[in-house]
Protein chains: 4
Amino acid sequence: MFFASDNAGPAHPKVMEALVKANAGYAMGYGAEPIMDEVRASIREIFEAPDAAVYLVINGTSANSILLGTMSQPWQTIFCTDCAHIHEDECNAPEFYTGAKLTLVPTVDGKMTTDGLRAKILAEQNRGVHGPQRGPLSLTQVTEKGTIYALDEIRALTSVAREYGLKTHLDGARFANALVALDCSPAEMTWKAGVDTVSFGGTKNGAMGVEACVIFDPDLAWEFELRRKRGGHLLSKHRYLSAQMQAYLEDGLWLDMARAANARCAQLAAGLAAHNVARMLYQPQANIIFFEMPRAEHKRMLDAGAVYYVISGDPQVGDPDEPLIGRLVTDWSASEDAVNGFLSHLRG
Amino acid sequence: MFFASDNAGPAHPKVMEALVKANAGYAMGYGAEPIMDEVRASIREIFEAPDAAVYLVINGTSANSILLGTMSQPWQTIFCTDCAHIHEDECNAPEFYTGAKLTLVPTVDGKMTTDGLRAKILAEQNRGVHGPQRGPLSLTQVTEKGTIYALDEIRALTSVAREYGLKTHLDGARFANALVALDCSPAEMTWKAGVDTVSFGGTKNGAMGVEACVIFDPDLAWEFELRRKRGGHLLSKHRYLSAQMQAYLEDGLWLDMARAANARCAQLAAGLAAHNVARMLYQPQANIIFFEMPRAEHKRMLDAGAVYYVISGDPQVGDPDEPLIGRLVTDWSASEDAVNGFLSHLRG
Amino acid sequence: MFFASDNAGPAHPKVMEALVKANAGYAMGYGAEPIMDEVRASIREIFEAPDAAVYLVINGTSANSILLGTMSQPWQTIFCTDCAHIHEDECNAPEFYTGAKLTLVPTVDGKMTTDGLRAKILAEQNRGVHGPQRGPLSLTQVTEKGTIYALDEIRALTSVAREYGLKTHLDGARFANALVALDCSPAEMTWKAGVDTVSFGGTKNGAMGVEACVIFDPDLAWEFELRRKRGGHLLSKHRYLSAQMQAYLEDGLWLDMARAANARCAQLAAGLAAHNVARMLYQPQANIIFFEMPRAEHKRMLDAGAVYYVISGDPQVGDPDEPLIGRLVTDWSASEDAVNGFLSHLRG
Amino acid sequence: MFFASDNAGPAHPKVMEALVKANAGYAMGYGAEPIMDEVRASIREIFEAPDAAVYLVINGTSANSILLGTMSQPWQTIFCTDCAHIHEDECNAPEFYTGAKLTLVPTVDGKMTTDGLRAKILAEQNRGVHGPQRGPLSLTQVTEKGTIYALDEIRALTSVAREYGLKTHLDGARFANALVALDCSPAEMTWKAGVDTVSFGGTKNGAMGVEACVIFDPDLAWEFELRRKRGGHLLSKHRYLSAQMQAYLEDGLWLDMARAANARCAQLAAGLAAHNVARMLYQPQANIIFFEMPRAEHKRMLDAGAVYYVISGDPQVGDPDEPLIGRLVTDWSASEDAVNGFLSHLRG
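Residues numbered from 1 in each chain as written. Chains lettered and ligands numbered in written order. Predicted model: local features only at pLDDT ≥ 70, side-chain atom pairs only at ≥ 80, totals over all residues.

Next up on the list: the overall build of chain A. Broken down by element type, chain A carries 14 helices and 11 strands. The globule rule puts the C-alpha radius of gyration for 348 residues at 20 Å, and the 21 Å found for chain A is close to it. Each principal axis of the C-alpha atoms in chain A carries an extent, and together these give about 60 × 60 × 35 Å. By the burial criterion, 63% of the 348 residues in chain A qualify as buried. Pairs at least 24 apart in sequence give 76% of the contacts found in chain A among residues at least 6 apart. (Helix = DSSP H or I, 4+ residues; strand = E, 2+ residues; numbered from the N terminus. Rg over C-alpha atoms; globule rule 2.2 N^0.38 Å. Buried ≥ 20, exposed ≤ 12 C-beta atoms within 10 Å, placed from the backbone. Contact = placed C-beta atoms within 7 Å.)

In structure tokens, the structure reads:
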């Protein structure tokens, strides 16, 4: 009954096998190993982007920060939601790597709207050299609230950005979970919808620790490489990144894992919806659920062995009737047993 | 006959086994996993430093940069050698993480001298607010030239730094290779010799990609954690770092691997010394050899399948008699066969 | 009828006389000139702060940025209003000098409330190393909307900050205008109310270009000096800064000029209040008025020679009845004639 | 007998008159004032560069740092001499504004040589993404040692830079002193000799505090403006910068002042050359002299009222026969009496 985070589960055994397999003999490092050539080719094929620059880094914070650094200038402001990971959970890494500031666009169900975005873009006008200059847009898919932008929503948002000459970054820490939910192609969710760069997550979806940075404009490639190195994010024994990504992509493993995580989440959501006390805050579309429930119910679940975050108060101390918000996240390895166990406890 | 780099070899099978073993079920991340507690305890014991703060990162550039960031201020200058990795091979990462500049101390056989250090420290005086302020000393052990500071040399250099109130960082990317060469304890080579923080390398010595940052003054711990996170260097699935380090340290594996690498290097050095044309530039003390040999000889070796860097010119094109400098590096996995093969080709 | 900005008027003649007088013979520079000793003593006396560190810089952006840099860390967030000059009008200079981000506290009449501040401070909790850490509070007095924090409002806000261990900076670009409006002492408006550092403005109030940075904790002095120099803000011929400040402070010139500016503003406000179409957005308390008026009325005023900013639309093009927001700012040199002329045109 | 520095003398009376004259009524700020149009036109004419972008800042550190920031990238290294002001006297401001590092080219008589430059440029090759990338060249004219690059020396150095695709910045804090010494045109000393940007000094040569930044490629203009603002170096009451520069340039005042300073220096040099104990370290070509003399002689001069820096030891304490290095700098206001007084004391 572990639903605390999708970065707390194990890597898929095939990922580990690939690591072990890659661990043979000498290999040139820093991305010059042959496996990386295969990974690059795979990602270009998956994204239908034969010219895309493709790089690997260890985690989402570095992927986001280095990509945004490559896309922006230190006198700009980056448009993102008020609950974006780059704003709330990266301890100023995006500011460190870009020098820029972040302008927070308000959200509905974890998503920004075109009106909200446009209003913030317009607010950064007319100050000439005095105000921050408009920088790129950064979208998050799956959002931090577990919701998903529809393709036409992405297109509409990137169109607003483009009206003002701004490029778009996609924080796809849960890219696969969104993709299988939308049942679309990677190209449709990215460059065909106006996205310029992607943090293509692996870590939260069964890898050990790897994210691909996909840049559709190859002119930015060399600058990305320099920024990655300057940030200390270029690995010497790079084959252990590329081997992970190779296994992750092979035979659609990444999609299978995302489907499994989403399916377990859907089961949990169905159980919560049927519950007479719990209330979901957003319609879960991928592998995350936010729900409100009295403290006493949270306490009962946690005491029964469920593991998840109660984020709006201490579940052990206080008025038993006070509603508190909990978050459930499923990963590829969440078992049906765990879900059934959770739901059976929930029903009391 | 691969002697190009010690970051191109495989990880030790025990490291991979530990990774696979750690890959079971859920684990809290970000260093909160139980294995990290063991690693912290092991390193404190190995260093005889029960209060030391211990952190893991993915590579040497980030270890050096975050440690130096924690030790310095952006208006300071860091004293290091003119061939230091932080100067030559990290694409301004130390400057990025510190804001400081580097003052280059001249070297003899890859090592700075107390006189050279003192002269550079003194040169940064008397300018008040106008000049850079004196920041920490950073030493490299094993040096970039394959030589090793004797314990009394380290003590003498850190004493000079301390005279001026400066702390000392040790870039120990090849810490183990130096340790077994000196046959001393980690404490003797670090805090007992006046060193304040250590980049304790694993990657070049049989790990997949992990370095420990050891900080003897625990008051700096929280700042280090914030700097690591802000640099994007805190891993969510941190257990795959700690599992590597655990296996690396267990039963002295790290020392065994360093001894093996050094032994292979000694064999190569003996063969080169006996050779009538090649000439070693420095007395190899660990696992690196720089040697000069006519282009034609280099060409012959490379054509025979030896893999190493010729760093002062193109070995394939030019005057066959021109002496060119080559670099040989042995790692834990270098085989006696490879060494014997190299030497037999060398003798022609 | 020039009411566009208080940084567009001339310096007071006494300031220019002081400059000319200071321009005699050689003087040690960088703040070592004798006039600076007098300025330091004057400001310490005015602020009843005998130990305060006092420095001069050329403008408000540098004063704010260097002070905030001295008070914060690059992994922190600085709490300020959503209309603060440091947020809107300094092109990321505060982010450049601090490395930190800004958290925007919502405003009522240009002022943050204790509830608003506390909510934002609390929102930055519970993320441990992942989220930005809480940094200093920055208040602006006079606010960007022309309103003024009462002394008990300042005390209440700094008390909230102190509860969480946070220090407070006061952006006093219009310090004098606020002071004479509140009829209190500099000490009462600053350290007695919990303020730790002050950007003490001169430029907008009759100086040529000088602001004092007042730091009540002298332990921060040396770091401020290094940050000022590193930002390129230490002047060699510093006497021309100190001479300005000396004349500014002498015989209460600064207070006289602020009183004159505020009085002209009050006249304008009275005229606007009596007008049957214009509507003031905030109760003007110092030397700034925001007012709404139909486009046609703005056009009429501008065509008649009034100079001020219409900030919410083009006054020359569009629906004549659409209400547009204008901003009037009076400086020390605004004449009664100019005010009367404006008001007589306003009445039509 | 004040020869401590050329930034310690007064501004020329005509500069002060211009300031007073500019201090009338309202003027748009931030460089939009009419005087700035005249200054821009004058500088373009003087430099025979009708398209050059021209900006004013308060001092040399900011001029150098913002120009270099506009010309470089944070992963680059800037080539300058080991005694450059940007290296020794700006407390890491160039690093702060650029993110880059400085590579120190050795000097002969304060000047780098083409061989020295080329060797340093070549040393930054072949490391790919690992090493710092080659950035711009920064030359200083007059050098910190009081010597001057001949036009063909500048051309040769910028040619070496251009061979490697690198641009050249000229730190012209003493531009006028060099120009009159070389008796050439500003164009000949800059863009005709391959220089791309110039810090055109006024402060050390009779202004109160103003330097022009001249950028021959106008495509860099907007970035410069943003960098200047972000550094806090855009003045609101900018007319007081432009008025200084206007007076400085009018009727060749700047050249007259430089000629006067150089002439006084030449007198001093002649006296020193005739002296039987003092020895000049470099042939003075502008307004700076470095000379060696026994401590007792320095002491005698200082006790007699001469004011200058003894930079290699305490002139009051120590072996009276020990040779110590002194520095003499003449400014436009140095009187013949002062020079004659100095020389008469020197002769004893």
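Moving on to the sheet that holds strand 9 (residues 288-294) of chain B. Residues and elements named next belong to chain B. Here we have four strands laid out as an open sheet, ordered 8-9-11-10, and antiparallel in their pairing. With one partner strand each, in any of the chains shown, strand 8 (279-280) and strand 10 (309-310) form the two edges of the open sheet. Helix 13 (residues 295-303) contacts strand 9, strand 10 and strand 11 (323-329) of the sheet and is inclined by roughly 120° relative to strand 9. (Pairing = 2+ DSSP bridges. Axes fitted to C-alpha atoms, helices over the stretch in contact; angles between N-to-C directions.)

Right, let's talk about the interface of chain A and chain B for a bit. Contacts between the two partners involve 38 residues from chain A and, on the opposite side, 38 residues from chain B. Elements with a contribution of two residues or more to the side of chain A that touches chain B: helix 1 (13-22), helix 3 (60-71), helix 5 (93-98) and helix 10 (221-230) of chain A. The class makeup of the residues in the side of chain A that touches chain B is 19 nonpolar, 16 polar and three charged. (Nonpolar A, V, L, I, M, F, W, Y, C, P; charged D, E, K, R; others polar.)

Residues and elements named next belong to chain A. In the contact formed by helix 12 (residues 253-274) and helix 14 (residues 336-346), the axes pass within 10 Å of each other and the chain directions differ by 10°. Of the possible angle classes, the one that applies to helix 12 and helix 14 is roughly parallel. For the pair helix 12 and helix 14, contact is made by Arg 264, Gln 267, Leu 268 and Gly 271 and by Val 339, Phe 342, Leu 343 and Leu 346, respectively. Across the contact of helix 12 with helix 14, the residue classes tally to five nonpolar, two polar and one charged. (Parallel < 35°, antiparallel > 145°, perpendicular 65-115°, else oblique.)

Once that is clear, we can look at the domain arrangement of chain A. Residue and element names in this part refer to chain A. Domain parsing of chain A yields domain 1 (13-253) and domain 2 (255-346). One C-alpha centre belongs to domain 1, the other to domain 2; they are set 28 Å apart. The partner domain 2 presents 17 residues to the 18 residues of domain 1 that form the contact. Looking at the side of domain 1 that touches domain 2 element by element, the count peaks at six residues for helix 8 (residues 175-182). Here the residues of the side of domain 1 that touches domain 2 are counted per class, giving eight nonpolar, seven polar and three charged. (Domains from an automatic or database assignment.)

Take the relation of the copies chain A and chain B next. Superposing chain A onto chain B takes a rotation of 180° plus a shift of 0.0 Å along the axis, which leaves an RMSD of 0.0 Å. Such a turn and shift between the copies fits a two-fold axis. Residue Gly 231 of chain A of chain A places its C-alpha closer to the rotation axis than any other residue of that unit, at 3.4 Å. Interface overlap between copies: 100% of the residues of chain A at the interface are likewise at the interface in chain B, consistent with a symmetric, same-surface contact. (Least-squares fit on C-alpha atoms with pLDDT ≥ 70 in both.)

With 10 residues of chain B at the interface, the matching set in chain C holds 10 residues. Broken down by element, the side of chain B that touches chain C gets its largest block of residues, four residues, from helix 10 (residues 221-230) of chain B. Split into classes, the residues belonging to the side of chain B that touches chain C amount to five nonpolar, two polar and three charged.

Residues and elements named next belong to chain C. Burial runs high along strand 1 (residues 53-57): five of the five residues are buried. Of the two faces of strand 1, the one carrying Ala 53, Tyr 55 and Val 57 and the one carrying Val 54 and Leu 56 are both buried. Where strand 1 meets strand 7 (residues 211-215), five bridges bridge the pair, whose relative direction is antiparallel. Looking at strand 7, one finds that Val 54 is bridged to Val 214.

Once that is clear, we can look at the relation of the copies chain B and chain C. The two copies are related by a screw motion: chain B maps onto chain C through a turn of 180° and a shift of 0.0 Å along the axis, at an RMSD of 0.0 Å. Most of the interface of chain B is mirrored in chain C, where 100% of its interface residues again form contacts.

All names here are of chain C. At a minimum axis separation of 8 Å, helix 1 (residues 13-22) and helix 11 (residues 239-249) run at an interaxial angle of 140°. As summarised for this structure, helix 1 and helix 11 are arranged oblique, according to the angle between their axes. In this structure, helix 1 crosses over helix 11, and the sense of that crossing is right-handed. Only Arg 239, Tyr 240, Ala 243, Gln 244, Gln 246, Ala 247 and Tyr 248 of helix 11 make contact with helix 1, whose side of the interface consists of Lys 14, Val 15, Glu 17, Ala 18, Leu 19 and Ala 22. Partitioning the contact of helix 1 with helix 11 into residue classes produces eight nonpolar, two polar and three charged. (Left-handed = near helix turned anticlockwise from the far one by under 90°.)

All names here are of chain D. Across the sheet, which stays open at both edges, the seven strands sit in the order 1-7-6-5-4-2-3 with mixed pairing between neighbours. Across the chains shown, the open sheet's two edge strands, defined by having one partner strand only, are strand 1 (53-57) and strand 3 (101-105). Across the sheet, the axes of successive neighbouring strands diverge by a mean angle of 20°, strand direction being ignored. The sheet contact formed by strand 2 (residues 76-81) and strand 4 (residues 133-140) spans three bridges and is parallel. The partner of Gln 76 across the bridge, within strand 4, is Gln 133.

On to the pairing of strand 6 (residues 197-201) of chain B. Residue and element names in this part refer to chain B. The element strand 6 is extensively covered by neighbouring structure, given that five of its five residues are classed as buried. Residues of strand 6 alternate between two faces, with Thr 197, Ser 199 and Gly 201 on one and Val 198 and Phe 200 on the opposite face, all of them buried. Note that strand 5 (residues 168-172) and strand 6 share four bridges and pair parallel. Opposite Gly 172, over in strand 6, you have Phe 200 as the bridge partner. Where strand 6 lies against strand 7 (residues 211-215), five bridges are found, and the strand directions are antiparallel. What sits directly across from Gly 201, in strand 7, is Glu 211.

Inspection of the secondary structure puts Cys 83 of chain D in the loop between strand 2 and helix 4 (85-88). Linking Cys 83 of chain D and Pro 106 of chain D, residues 23 residues apart in sequence, is a C-alpha distance of 8.5 Å.

Attention now goes to helix 1 of chain A. Looking only at helix 1 of chain A, the buried set comprises Val 15, Met 16, Ala 18, Leu 19 and Ala 22 of chain A. One face of helix 1 of chain A carries all of its buried residues, which in axial projection span an arc of 155°. Looking at the packing, one finds that the buried side of helix 1 of chain A touches helix 2 (34-46) and helix 11 (239-249) of chain A together with helix 1 (13-22) of chain B. (Arc of directions from axis to C-beta.)

Omega for the peptide link from Gln 141 of chain A to Val 142 of chain A comes to -20°, which places this bond in the cis form. If you trace the backbone, Val 142 of chain A turns up in the loop between strand 4 (133-140) and helix 7 (151-163). Phi at Glu 48 of chain B takes a positive value of approximately 50°, unusual for a residue other than glycine. Its place among the elements puts Glu 48 of chain B in the loop between helix 2 (34-46) and strand 1 (53-57). Residue Glu 48 of chain B is classed as partly exposed on the basis of its C-beta count, with 14 C-beta atoms lying within 10 Å.

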